[in-house]
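Residue-level listing of the chains:
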Amino acid sequence: MSGAIQYSVVILLININFFYFSIMVSYLKVNKTAIQAVESSYLKTDLPGIKVGDSIKVSLLIQEGNKERIQFSEGVVIAIHNANLNTTITVRRIFQSVGIERVYLIHSPRIVKIEILKHAKVRRAKLYYLRDLVGKATRLKQKFN
């Protein structure tokens, strides 16, 4: 008799936990759609199709004191992290024999424009191996459209 009671108590606890889990999942879905609705108004629509291996030129709005100016930086996209409004690209270039990497939020209001200078033929999602190469070895094979 006590075994049957324990068995029914276990089933009841499993049902309660499943009900709690289903409530949490539906709550998270509601919050996710609300966040996406708010974020969609801040997404930029005029961005080019940036891919890993592209050589790009980024125009940044820099504030110095009470003046604003546009600063340009070029480099190769070695990584893309897709996350809606928080989408970032990692751009690498060599300056005075020192490798410089910078991560840009592409939907940031500080980024004025992104130009694609050329495309490269790559077979990786992330080009982190370029960090170990120097000189002419860092060149990528150009892809013509």
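Residues numbered from 1 in each chain as written. Predicted model: local features only at pLDDT ≥ 70, side-chain atom pairs only at ≥ 80, totals over all residues. Heavy atoms only, no water.

A closer look at the nonpolar core
Judged by nonpolar contacts, the single largest core of 17 residues is most densely connected at Ile56, Val77, Ile89 and Tyr104. Elements with a minimum of two residues in this core: β1 (55–64), β2 (67–81), β3 (88–95) and β5 (111–120). If near-sequence neighbours (up to four positions away) are discounted, isoleucine 89 is found in contact with Ile50, Ile56, Val77, Ala79, Ile80, Arg102, Val103, Tyr104 and Ile106. (Core = buried A, V, L, I, M, F, W, Y, C linked by side-chain atoms within 4.5 Å. Buried < 20%, exposed > 50% of the residue type's maximum accessible area, 1.4 Å probe, protein only. Helix = DSSP H or I, 4+ residues; strand = E, 2+ residues; numbered from the N terminus. Contact = heavy atoms within 4.5 Å.)

A closer look at the sheet that holds strand β6 (residues 142–143)
Within a sheet, each strand pairs with its neighbour through backbone hydrogen bonds, oriented either parallel or antiparallel. The strand order across the open sheet built from 6 strands is β4-β3-β2-β1-β5-β6, with neighbouring strands paired in antiparallel fashion. Whereas interior strands pair on both sides, the edge strands pair on one side only; in this sheet they are β4 (98–105) and β6. Both β3 and β4 contribute to a ladder of 8 bridges, which runs antiparallel. The partner of arginine 92 across the bridge, within β4, is glutamate 101. (Pairing = 2+ DSSP bridges.)

Looking at the pattern of salt bridges
Scanning the entire structure with this criterion turns up 5 salt bridges. Between glutamate 64 and arginine 69 there is a salt bridge; the shortest N-O distance is 3.1 Å. A relative accessible area of 44% means that glutamate 64 is categorised as partly exposed. Here glutamate 101 ties to arginine 131 by a salt bridge, and the two come within 2.7 Å at their closest N and O atoms. A residue pair is termed long-range when its members are at least 10 positions apart, and glutamate 101 in strand β4 and arginine 131 in the loop between β5 and β6 qualify at 30 residues. By relative accessible area, which is 30% here, glutamate 101 ends up partly exposed. Bridged by salt links that share partners, the residues Arg92, Glu101 and Arg131 form one connected network. (Salt bridge = Lys/Arg side-chain N within 4 Å of Asp/Glu carboxyl O.)

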